[in-house]
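Below are the chains, spelled out letter by letter.
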Amino acid sequence: MKPVSLIQFLIEERRAGHINAELSLLIEVVARACKRIGVATGKGALGGVLGMAGNGDALSMNVQGEAQKKLDVISNEILLEANAWGGHLAACASEEMEDPQQIPDGYPKGQHLLLFDPLDGSSNIDVNISVGTIFSVLRCPDGVTEPKAEHFLQPGTAQLAAGYVVYGPSTVLVLTFGHGTHEFTLDREVGSFILSRRGIRIPAETAEFAINMSNQRHWQAPMQRYVGELLAGKEGPRGKDFNMRWVASMVADVHRIVTRGGVFYYPLDAKIEKQGGKLRLMYEANPMAFIVEQAGGAATTGRQRIMELQPTGLHQRVPVFLGSKQEVELATHYHREADGVV
Ligand code: P6P
């Protein structure tokens, strides 16, 4: 069968009325920028881009208070530069920047807001483990010409598009506009993303879970009970053995789940309770929730649907339970039961 390129797919989506021309062009710009990020990460030690950002004695810190990798900064710059002249954005927001970035004067503005984690899992770069870019697209409220942070604070259900690119053995883009979740693999010879899976479905059941077990002693009681049952295997109440994975790169873990099912958990624990969780709502949890739900999976905070949260801050953190629907619903039920709401 003739390969379908991302461009052709976007044209089909426009003809189907799923997206407008500006959103289609915006996704092309983001995909092109991600190809450049893939080239930069692919250079590894040869590109002089490994290690920490900053000058000799002072590390460069991001808004999260995390030391930035050189590739964090480079990836952020690539996405900002590509979208400055693209003409499809009213503003963008990034994990690497405190405040939204306005479109420079002299460039045309569009009707969309773009949020991104330019290089998620960057702690894995120096050890050559897959990392990725996560992005989410919202509509800019009518009449707003200089979008501020509060204009980005829309629930995940308002997303027009969400996607990630995983820079692994192959470079893969996974994308949704709310009409299914679809996968594109980069043909490195031609330089085009080619449709490799249309209408992905995540199996409702699974025997594979992803969590950082080193935090177990800090988890809340419902999580202790739930994971304890997974670890008990077929001798326990679940009556089957489970396998465990943890890449510590959300894009890699989520892509495995999108590909073969499974669940990913970053629950509240005593260490991170005050900050509300580890992962960021606006440019990690919400886009991943949109992608997973459109593939038939589920995404909650352990207590409620992620995409229904009303955001309170651009860099707000939340607990994340996502993946195979039946498993996520059981873990969520345990938390709601313990809270006395079921
Ligand atoms: P931990 C990477 O820093 C990240 O934000 C996600 O990509 C990943 O799932 C998580 O943090 C890993 O957290 O506590 O296991 O290092």
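Position numbers for residues start from 1 in each chain and track the written sequence from start to end. Residues qualify for local features only when their pLDDT is at least 70, as the model is predicted, and side-chain atom pairs are given and counted only at 80 or more; totals for whole chains, interfaces and linings, by contrast, use all residues. In computing side-chain values, all of the structure's heavy atoms are included and hydrogens and water are not.

## Overview of the site of the ligand
Thought 1: Here, proximity means that at least one heavy atom of the residue falls within 4 Å of the molecule or strand. Neighbouring the ligand are 13 residues, the closest being Asp-120, Asn-212, Trp-246, Met-250 and Tyr-266.
Thought 2: N or O atoms closer than or at 3.5 Å make up a polar contact, with two conditions inside protein: a donor-capable atom paired with an acceptor-capable one, and, for residues adjacent in sequence, both atoms drawn from side chains. Here an oxygen atom of the ligand and a side-chain polar atom of Asp-120 are 2.7 Å apart.
Thought 3: Between the ligand and Trp-246, the relevant distance is 2.9 Å, taken from an oxygen atom to a side-chain nitrogen or oxygen of the residue.
Thought 4: Elements that contribute at least two residues to the shell around the ligand include exactly strand 11 (263–266) and strand 12 (279–280).
Thought 5: Classes in brief: Ala, Val, Leu, Ile, Met, Phe, Trp, Tyr, Cys and Pro nonpolar; Asp, Glu, Lys and Arg charged; the others, Gly included, polar. The class makeup of the residues in the shell around the ligand is six nonpolar, three polar and four charged. Here a helix means four or more residues in a row that DSSP labels H or I, a strand means two or more in a row labelled E, and each is numbered from the N terminus.

## Some thoughts on helix 2 (residues 21–43)
Thought 1: Working rule for helices: expected span equals 1.5 Å times residues minus one. The first and last C-alpha atoms of helix 2 sit 34 Å apart over 23 residues, in line with the 33 Å expected at 1.5 Å per residue.
Thought 2: Where helix 2 begins, one side-chain oxygen reaches toward the backbone nitrogen of Glu-22, 3.1 Å away; that side chain belongs to Asn-20.
Thought 3: A positive backbone phi angle near 55° is found at Gly-44, which sits one or two residues after helix 2.

## Focus: the packing of helix 2 against helix 3 (residues 70–84)
The relative placement of two packed helices comes down to the angle between their axes together with the axis-to-axis distance.
Thought 1: Running from amino to carboxyl end, helix 2 crosses helix 3 at an angle of 150°, the nearest separation of the two axes being 9 Å. The angle between the axes of helix 2 and helix 3 places the two elements in the roughly antiparallel class. Note on packing geometry: the crossing formed by helix 2 with helix 3 is right-handed. Seen from helix 2, the contacting residues are Leu-26, Val-29, Val-30, Ala-33, Arg-36, Ile-37, Ala-40 and Thr-41; seen from helix 3, they are Leu-71, Ile-74, Ser-75, Ile-78, Leu-79, Glu-81, Ala-82 and Asn-83. Axis definition: a line fitted to C-alpha atoms, limited for helices to the stretch in contact. Angles are taken between N-to-C directions and run from 0 to 180 degrees. Any angle that is under 35 degrees is reported as roughly parallel, and any over 145 degrees as roughly antiparallel; angles of 65 to 115 degrees are reported as roughly perpendicular and all others as oblique. For any helix crossing, the convention is left-handed if the near helix is rotated counterclockwise from the far helix by under a right angle, and right-handed if that rotation is clockwise. Residue contacts follow a heavy-atom distance rule, with two residues in contact if any of their heavy atoms lie within 4.5 Å.

## Examining unusual backbone geometry
Thought 1: Located in the positive-phi region is Asn-128, a residue other than glycine, with phi close to 60°.
Thought 2: Of note in this structure, Ala-248 is not a glycine but carries a positive phi near 65°.
Thought 3: A simple rule labels every residue: compare its accessible area, found with a 1.4 Å probe on the protein chains alone, to the largest value its type can have, and call it buried under 20%, exposed over 50%, or partly exposed in between. A relative accessible area of 39% places Ala-248 in the partly exposed class.

## With respect to the side chain of Asp-253
Thought 1: Of note, Asp-253 is situated in helix 6 (residues 250–260).
Thought 2: Take Asp-253: its relative accessible area is 0%, and that puts it in the buried class.
Thought 3: At 3.4 Å, the side chain of Asp-253 forms a polar contact with the backbone nitrogen of Ala-248.
Thought 4: Not counting the four nearest positions on each side in its chain, Asp-253 is found in contact with Ala-210, Trp-246, Val-247, Ala-248 and Phe-264.

## Examining empty space enclosed by the protein
Thought 1: Think of a 1 Å grid over the protein atoms and nothing else: a 1.4 Å probe that fits but is trapped marks a cavity, an open set flanked by protein within 12 Å on at least five of seven lines marks a pocket, and residues with an atom within 4 Å of a point count as lining. Grid points are joined across faces, edges and corners, and a volume is the space filled by probe spheres set on the points. Taken as a whole, this structure holds one cavity of 30 Å³ or more when the rule is applied.
Thought 2: One number sums up the size of the largest cavity: a volume of about 40 Å³.
Thought 3: Forming the boundary of the largest cavity are Gln-220, Pro-267, Leu-268, Thr-301, Arg-303, Pro-319, Phe-321 and His-335.
Thought 4: Tallied by class, the residues present in the lining of the largest cavity amount to four nonpolar, three polar and one charged.

## Here we look at the domain arrangement of the chain
Thought 1: An automatic or database domain assignment supplies the start and end points of every domain. The domain architecture assigned to the chain consists of domain 1 (6–200) and domain 2 (208–339).
Thought 2: Placing the centre of domain 1 and that of domain 2 at their C-alpha centroids yields a distance of 24 Å.
Thought 3: Each side of the interface is counted separately: domain 1 has 50 residues, and domain 2 has 32 residues.
Thought 4: For the pair domain 1 and domain 2, the summed buried area comes to about 3000 Å², and 61% of that belongs to carbon and sulfur atoms.
Thought 5: Whenever Lys or Arg places a side-chain nitrogen within 4 Å of a carboxyl oxygen from Asp or Glu, that contact is recorded as a salt bridge. Our enumeration of links across domain 1 and domain 2 arrives at one salt bridge.
Thought 6: Between Arg-280 and Glu-95 there is a salt bridge; the shortest N-O distance is 3.2 Å.
Thought 7: Per-element tally for the side of domain 1 that touches domain 2: the top contributor is strand 4 (residues 131–139), with seven residues. For any pair of parts, buried area is found by adding up, for both, the accessible area (1.4 Å probe) each one loses once the two are put together.

## A closer look at the packing of aromatic side chains
Thought 1: Note on ring pairs: Phe, Tyr and Trp rings are taken, using the six-membered ring of Trp, and paired if centres are within 6.5 Å. Classes follow the plane angle, with under 30 degrees stacked, over 60 edge-to-face and the rest tilted. Scanning the model with the defined rule gives six aromatic pairs in all.
Thought 2: For the pair Tyr-265 and Phe-321, a centre-to-centre distance of 5.0 Å together with 55° between the ring planes defines the contact as tilted. Remark: Phe-321 occurs in strand 15 (residues 320–323) and Tyr-265 occurs in strand 11; sequence separation between them is 56 residues.
Thought 3: Pairwise contacts between aromatic rings join Tyr-226, Tyr-265, Phe-321 and Tyr-334 into one cluster.

## Digging into the pairing of strand 15
Thought 1: One bridge is not enough; two strands pair if DSSP finds at least two bridges between them. The sheet contact formed by strand 11 and strand 15 spans four bridges and is antiparallel. Within the sheet, the bridge partner assigned to Tyr-266 lies in strand 15 and is Val-320.
Thought 2: Of the pairings in the sheet, the one linking strand 13 (residues 298–300) to strand 15 comprises three bridges and is antiparallel in character. For Thr-300, the partnering residue across the bridge sits in strand 15 and is Phe-321.

## Here's the deal with the pattern of salt bridges
Thought 1: Considering all chains together, one arrives at 16 salt bridges under this definition.
Thought 2: The shortest N-O distance in the salt bridge between Lys-325 and Glu-329 comes to 3.3 Å. One end of the pair is Lys-325 and the other is Glu-329, both in helix 8 (residues 325–338) and four residues apart, which spans about a single turn.
Thought 3: Residues joined by salt bridges that share partners form a network here, namely Glu-208, Asp-253, Arg-256 and Arg-260.

## Some points on helix 7 (residues 281–294)
Thought 1: Within helix 7, 12 of the 14 residues are buried, leaving the element largely enclosed by the surrounding structure.
Thought 2: Among the residues of helix 7, Leu-281, Met-282, Tyr-283, Glu-284, Ala-285, Asn-286, Pro-287, Met-288, Ala-289, Phe-290, Ile-291 and Val-292 are the ones counted as buried.

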